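Structural overview
Each chain, letter by letter, is given below.
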Amino acid sequence: MSRYRLENTWSPDPAPYGTLKCTFWNLSDAPLSDFQLAYTSLTRAMKPFAVTGAELARRDANYHLFTPPEGTRLEPGAAWSFEVTNLNRDPRHRTDGAKSAIMTLDVSGAPRHLDVEVSDLFPEGRDLPEPGPLLPEGALTEPYAILPWPAALDLTPGDTPLALCPAPDSDDDALGLFNRVAALHRRLYPEARAVFSMLPMARTRPVALVPEDGPEGGYRIDVGETITVSGDADGLRHGLIVLGQMLHGAAADPTFRFPASGTITDAPRYGWRGAHLDVSRQFWPADDVSRFLDILAWHRMNIFHWHLSDDEGWRLEIKAYPELTSTGATRGPDAPLTPQLGNGAAPVHGFYTQDQVRALVAHAGSLGIDVIPEIDIPGHSTATLAAIDGLADPQEAPDSYHSVQGFANNALNPAREETYDFLARVFDEMVDLFPAEYLHIGGDEVADGSWLNSHYARLLMEKEGLTGTFELQSHFMRRVAGMLAERGKKLAGWNEVAHGGGVDPEGTLLMAWENPEVGIDLARQGYDVVMTPGQAYYLDMAQADDWLEPGAAWAGTSTPVHSYTYEAEGDFPDDLRPRMKGIQACIWCEHFTSKAYFNRLVFPRLCGVAEAAWTPKDRKDLLRYAAIVKLHPVL
Ligand code: ACM
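We now turn to the structure provided with this report. Remember, it's a predicted structure, so these values are computed and weren't measured experimentally. (Residues numbered from 1 in each chain as written. Predicted model: local features only at pLDDT ≥ 70, side-chain atom pairs only at ≥ 80, totals over all residues. Heavy atoms only, no water.)

Considerations on the overall build of the chain
Operational definition: To qualify as a helix, a DSSP run of H or I must reach at least 4 residues; to qualify as a strand, a run of E must reach at least 2; elements of each kind are numbered from the N terminus. The globule rule used for comparison is 2.2 Å times the number of residues to the exponent 0.38, while the radius of gyration itself is calculated over C-alpha atoms. Buried residues are those whose accessible area, probed at 1.4 Å on protein chains only, stays under 20% of the maximum for their type, while exposed residues exceed 50% and partly exposed ones sit between those limits. Between two residues, a contact is recorded if the distance between any of their heavy atoms is within 4.5 Å. For every accessible area listed, the method is Shrake-Rupley and the probe measures 1.4 Å; residues are considered covered only by the protein chains on display. In summary, the charge assignment counts Lys and Arg as positive and Asp and Glu as negative, without counting His or the chain termini. Charge positions are represented by NZ for Lys, CZ for Arg, CG for Asp and CD for Glu.
Helix and strand counts for the chain stand at 14 helices and 28 strands. Over its C-alpha atoms the chain spans a radius of gyration of 26 Å, differing by no more than 12% from the 26 Å that the globule rule assigns to 635 residues. In terms of its C-alpha atoms, the chain occupies a principal-axis envelope of roughly 85 × 65 × 45 Å. Looking at the chain residue by residue over its 635 residues, the buried ones come to 58%. For the chain, contacts bridging at least 24 residues in sequence account for 72% of all contacts bridging at least 6. Of the roughly 23900 Å² of accessible surface on the chain, a fraction of 51% belongs to carbon and sulfur atoms. Of the side chains in the chain, 53 bear a positive and 88 a negative charge, and the two mean positions are spaced by 3 Å.

Focus on the packing of helix H7 (residues 455-464) against helix H8 (residues 468-486)
Let me state the cut-off plainly: Axis angles are defined between N-to-C directions and span 0 to 180 degrees, where every axis is a line fitted to C-alpha atoms and, for a helix, only to the segment in contact. Throughout, the term roughly parallel applies to angles under 35 degrees, roughly antiparallel to angles over 145, roughly perpendicular to angles from 65 to 115, and oblique to all others. Each residue is assigned to one of three groups, with Ala, Val, Leu, Ile, Met, Phe, Trp, Tyr, Cys and Pro labelled nonpolar, Asp, Glu, Lys and Arg labelled charged, and all others, Gly among them, labelled polar.
Orientation of H7 relative to H8, taken along the N-to-C sense of each, is 80 degrees, at an axis distance of 11 Å. Here H7 lies roughly perpendicular to H8, going by the angle between them. Contact with H7, carried on its side by Ala457, Leu460, Met461 and Glu464, involves Gly468, Leu472 and His475 of H8 and no other residues of that element. Looking at the contact of H7 with H8 residue by residue, the classes come out as 4 nonpolar, 2 polar and 1 charged.

Here we look at the side chain of threonine 72
Threshold: Counted as a polar contact is a pair of N or O atoms within 3.5 Å, where, for protein atoms, one must be capable of donating a hydrogen and the other of accepting one, and residues adjacent in sequence contribute only when both atoms are in side chains.
On the secondary structure map, threonine 72 appears in the loop between strand E6 (63-67) and strand E7 (79-87). On the accessibility criterion, threonine 72 (17% relative accessible area) is buried. At a separation of 2.5 Å, a polar atom in the side chain of threonine 72 contacts the main-chain carbonyl oxygen of proline 69. If near-sequence neighbours (up to four positions away) are discounted, threonine 72 is found in contact with Leu32, Ser33 and Phe35.

What about the sheet that holds strand E9 (residues 112-116)?
Threshold: For two strands to pair, DSSP has to find at least two bridges joining them.
Spatially, the 5 strands line up as an open sheet ordered E5-E6-E3-E8-E9, and their pairing is antiparallel. Since the sheet does not close on itself, it has two edges, and those belong to strand E5 (55-60) and E9, each with one partner. Adjacent strand axes in the sheet meet at a mean angle of 25 degrees, parallel and antiparallel pairs treated alike. Across 5 bridges, E5 lies against E6 in antiparallel orientation. Residue pairing for E6: leucine 56 is matched across the bridge by phenylalanine 66.

Some details on the sheet that holds strand E14 (residues 219-223)
Taken together, 6 strands build an open sheet; the order of strands is E11-E16-E14-E15-E13-E12 and the sheet is mixed. Here the strands that pair on one side only, and so sit at the sheet edges, are strand E11 (152-158) and strand E12 (163-166). Averaged over all pairs of adjacent strands, the angle between their axes in this sheet comes to 20 degrees, without regard to strand direction. Sheet topology note: the E11/strand E16 (residues 258-266) ladder contains 7 bridges and is antiparallel. Bridge assignment links alanine 152 to a residue of E16, and that residue is threonine 265.

Read these as geometric descriptors, not functional statements.
Put into structure tokens, the structure is as follows:
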């Protein structure tokens, strides 16, 4: 615990975005002078800075460094206040203020940094209603704890067996799958009783696994004296997980039952049932990623989109460039990358070694999950540019352009051969690590105006007859697509890859995040599309409008009811529907300063998106989902 504390409040004047008021207490037993205070806040001060009671010495994205007025001396117990206006937007939720704060002592001597306690942001003088429940209570018409719900089910409830065991004469493949699913259940619910046993006991039920061609990932369960699961390799695993879910539910809560007889016939609605995880803004250690994969598998999801680089950090070991994961994976008060998004005085650092990546990709594969790695280029590249020389134009003026997140000059320069040499070496190592057919290259949120002050970019535009940032971006993307094709990979990216002329749509998959109409438009242009609309599937958005509900607001409020009921196929014309490959939840981690926060925002919505990806529209049932999802594991 620190003996310095920062509280912040917000008031709506002046329009349009109001004022952040900061009060800093010295609760130590020594007077304070010659100090600075920094905080990280997604509600940012914009230029021209408008601060009273302090000077804003530096602002780098959401890092703000303040100097108190000359001669300030804070006695023990005393407070200092300052106010910040000209904000980037008005805060909407309690998590929109300072996420962390850092004191620097002895600024003019030997500076040292200390943590400062922070709390929620409160709006001044406003009564804040208590948020209501996020989901209805829930109700069952069928007493089975299956999530996602199957396409067709006709079961009669029976007694709860002790466990499920392999049928006699099960072959090695069947025993191996039993072992994998049993281990998955044990990892997800280490405190729960085992629902699988390799040995028959009193009250165990034998399960026979019968490989059979059928719809991809589909399965059939016939419940008799022996339970038979049939399907392709993925389908057998799905069926066994469904049996495990039913028994886990029946053992955990008497409202749920295990069937005595009947059938389930099931196949996924979409081939792409994805979840994206941003490990740049906050680093999630390999063990957390492994458990996240387990959670996806339990929900029969099959795509893990791993967002491995962004402005705030590069997280993938590249042997050719150790700087990427030294400089590029470290944030701290004295580091090239400043503290952001809840970081304190101690530097934070994290990346995945190639051995860890191989192990995680193998783990995902054993659970039927493809890992789609993303390095986000050409924008979102502050960490890369801090680590590697030569990828920007040194003649470009500082602050030539800013990303929407407030990073200056954050894009790899498309007119420098060094950029492509760098990417070639990175791709060479990535294709060796990731067997999936796609490599995701980001392509989102390049600020309009990027590179226009670059001499190299100007020359390239002249030579190629290109106009503006997005035609430059398209030129870059086409070269990147070619580099991927040479390495046997297809290009996946965010919807802005199509800007400025885009790339050859053949074999390209784009993720429609800005709004649903974008997805239809991309499909019309011939791209394959995965729907990830922020308004429903961005799990960092707050779950209710209430100030007291945590989360982001820029893409709207995404209630658990909306994430579940939303139909991404919505207005897709019939002829374009085959281009829509599926849906994906996205977990952006700007706000995710702890695992507790992660769990508060990601669940239950991730489970809702999983059901939306699997279950036919006419089989979705909000009350059933609400009743079952309470049983589901968190990170
Ligand atoms: C995104 O949200 N920038 C893909």
